[in-house]
Protein chains: 2
Amino acid sequence: MSGSAAGPSGPIRLLLADDQALVRGALAALLSLEPDLTVVAEVGRGDEVVPEARRTAPDVALLDVEMPGLDGIAAAAALRTALPTCRVLVVTTFGRPGYLRRAMEAGANGFVVKDTPARQLAEAVRRVHAGLRVVDPTLAAETLATGASPLTERETEVLRAARGGGAVADLAGVLHLSEGTVRNHLSAAIGKTGARNRAEAVRIAEQNGWLLGG
Amino acid sequence: MSGSAAGPSGPIRLLLADDQALVRGALAALLSLEPDLTVVAEVGRGDEVVPEARRTAPDVALLDVEMPGLDGIAAAAALRTALPTCRVLVVTTFGRPGYLRRAMEAGANGFVVKDTPARQLAEAVRRVHAGLRVVDPTLAAETLATGASPLTERETEVLRAARGGGAVADLAGVLHLSEGTVRNHLSAAIGKTGARNRAEAVRIAEQNGWLLGG
DNA sequence: GACGGCCCCTGACAAATGTCACGGCCGGAA
DNA sequence: TTCCGGCCGTGACATTTGTCAGGGGCCGTC
């Protein structure tokens, strides 16, 4: 394959985090085909990343974004502070602009969507390990075009709560706000997203990756 | 690994269909580790399944449900009629009751969610190839409990159109119905799903896998 | 200190949404 | 045949939702 032998310090040690066991195992098989890579740890939850990394001391961590316990972005941030020498490559299903932005702010070294050809993954790992940044250029452009979230903290919070599809009264109860206030925040969010609807606003915000966390 | 050598008729020939190239390639790597399995085709769209299967004559096809062009269930049905001897194993991200039901009705021989351990996939392929049915028992029970979709054809159609978050007027335009009729179908769907909302009804129906096709 | 931005609340109004009672159509049961 | 039940379509009606114009409080920066 690509011309890389195991360096003088031995093969690159990898940690894999993905909530789908089948995908996790398949990625492990794929990466294990490369002689200079070795998978030393696998986890299925975001909150298991740091403990497992402490135990196994990987060189590079591949983190999915959508995970129970802790999303991959938050796990990346935690990993950066816990093991600063460990590089982070975020591997996600959805190429959402906000995801990339948040990942970079969290200190990730690379960002790859699951649409990329399988052959390129190992090369991305090597680049990240070498200290380079790896980012899908198309997605990077889109991220710059979309810009950061225009939503205020309260507005995102209300939109997040509105994902379930509950009525205003329900949201007001959960968030401990007046109904009028909830309506106001929703209205602001609808305006900022350019939506015509509460439902559409939720959809747009979600697609842009503005609803992470919480 | 598991005690299975290549049979007298050679290794089992596989076709992989998944829209995420990385996952597809990783699955290929995983399955290629087994000496009695060989991947002869990979496609990223549902409507490429049958043509590619005609060309390569696989023994077993692994189909993802969420795919562009044609969903995995519909592709399974098409494959059953085009190549009746080819077995079908549906591999999906979401273990939705309706998916399993529809897959079985479409003639699939097995149904596996991506949460299952990687080691079990090869075994599932062998079982399906041997003519056995492979179904996650937990999911099967849930499917029986949930029952078939209570929604009428029109109701599902309207709910599907409502996913985008558009207003009643928009839906009426797309479906060529009166606004009152659309509202009526939505109301019925809300009642049958036990939702309090159009948005909630969409969520529930989607989670149960009642919105496939179209 | 004055200003601006964000947050929280309120009340009123127009527009969209959800509910209901109704009629027509079709296919199976009596 | 007649009846019944399900699905489809429609329009009237009450409720909810989204918008707007306010008000006050809490930070920060200038």
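Not measured: the values here are computed from a predicted model. (Residues numbered from 1 in each chain as written. Chains lettered and ligands numbered in written order. Predicted model: local features only at pLDDT ≥ 70, side-chain atom pairs only at ≥ 80, totals over all residues. Heavy atoms only, no water.)

## A short note on the sheet that holds strand S1 (residues 12-17) of chain B
Residue and element names in this part refer to chain B. The parallel open sheet is built from six strands, whose spatial order is S2-S1-S3-S4-S5-S6. At either end of the open sheet lies a strand with only one pairing partner, and these are strand S2 (37-43) and strand S6 (134-135). Bridge count for S1 against strand S3 (residues 60-63) is four bridges, and the pairing is parallel. What sits directly across from Leu14, in S3, is Val60. (Pairing = 2+ DSSP bridges. Helix = DSSP H or I, 4+ residues; strand = E, 2+ residues; numbered from the N terminus.)

## Considerations on the packing of helix H8 (residues 168-175) of chain B against helix H9 (residues 179-193) of chain B
If you want to describe how two helices pack, look at the angle between their axes and the distance between the axes. Residues and elements named next belong to chain B. Their axes nearest at 9 Å, the elements H8 and H9 cross at an angle of 105 degrees. Taken together, the axes of H8 and H9 are roughly perpendicular relative to one another. Between H8 and H9, the residues in contact are Val168, Ala169, Leu171 and Ala172 and Glu179, Val182, Arg183 and Leu186, respectively. Along the lines of polarity and charge, the residues of the contact of H8 with H9 split into six nonpolar, no polar and two charged. (Axes fitted to C-alpha atoms, helices over the stretch in contact; angles between N-to-C directions. Parallel < 35°, antiparallel > 145°, perpendicular 65-115°, else oblique. Contact = heavy atoms within 4.5 Å. Nonpolar A, V, L, I, M, F, W, Y, C, P; charged D, E, K, R; others polar.)

## Looking at the relation of the copies chain B and chain A
The operation linking the two copies of the chain is a rotation about an axis combined with a translation along the axis. Superposing chain B onto chain A requires a rotation of 180 degrees together with a translation of 0.0 Å along the rotation axis, leaving an RMSD of 0.2 Å. Each copy turns onto its partner about a two-fold axis. For chain B, the minimum C-alpha distance to the rotation axis belongs to Ala26(B) and amounts to 2.4 Å. (Least-squares fit on C-alpha atoms with pLDDT ≥ 70 in both.)

## Some details on the pattern of salt bridges
All names here are of chain A. This structure, assessed with the given rule, holds 22 salt bridges over all chains. For Arg126, the salt bridge identified is with Glu34, shortest N-O distance 2.7 Å. Of this pair, Arg126 sits in helix H5 (residues 119-129) while Glu34 sits in the loop between helix H1 (21-32) and strand S2 (37-43); the two residues are 92 residues apart in sequence, bridging distant segments of the chain. Each member of the pair, Arg126 as well as Glu34, is classed as buried. Residue Glu157 is joined to Arg154 by a salt bridge in which the shortest nitrogen-to-oxygen separation is 3.1 Å. Here Glu157 and its partner Arg154 are both found in helix H7 (residues 153-162), three residues apart, which amounts to about one turn of the helix. The class of Arg154 is partly exposed, set by a relative accessible area of 38%. (Salt bridge = Lys/Arg side-chain N within 4 Å of Asp/Glu carboxyl O. Buried < 20%, exposed > 50% of the residue type's maximum accessible area, 1.4 Å probe, protein only.)

## Considerations on the protein's contact with DNA strand C
Close contacts around DNA strand C come from 16 residues, with Thr152(A), Arg154(A), Asn184(A), Arg183(B) and Ser187(B) the closest. A distance of 2.8 Å separates a base nitrogen of DNA strand C from a polar side-chain atom of Asn184(A). A distance of 3.0 Å separates a phosphate oxygen of DNA strand C from a polar atom in the backbone of Val168(B). Elements supplying a minimum of two residues to the surface near DNA strand C: H7 and helix H9 (179-193) of chain A together with H9 of chain B. By residue number, the principal contributor to the surface near DNA strand C is H9(A), which donates four residues. Residues belonging to the surface near DNA strand C are distributed by class as follows: three nonpolar, nine polar and four charged. (Near = heavy atom within 4 Å. Polar contact = N/O pair within 3.5 Å; in protein donor to acceptor, adjacent residues only side chain to side chain.)

## Details of the domain arrangement of chain A
When its domains are assigned, chain A resolves into domain 1 (12-145) and domain 2 (153-207). Between the C-alpha centres of domain 1 of chain A and domain 2 of chain A there is a distance of 31 Å. (Domains from an automatic or database assignment.)

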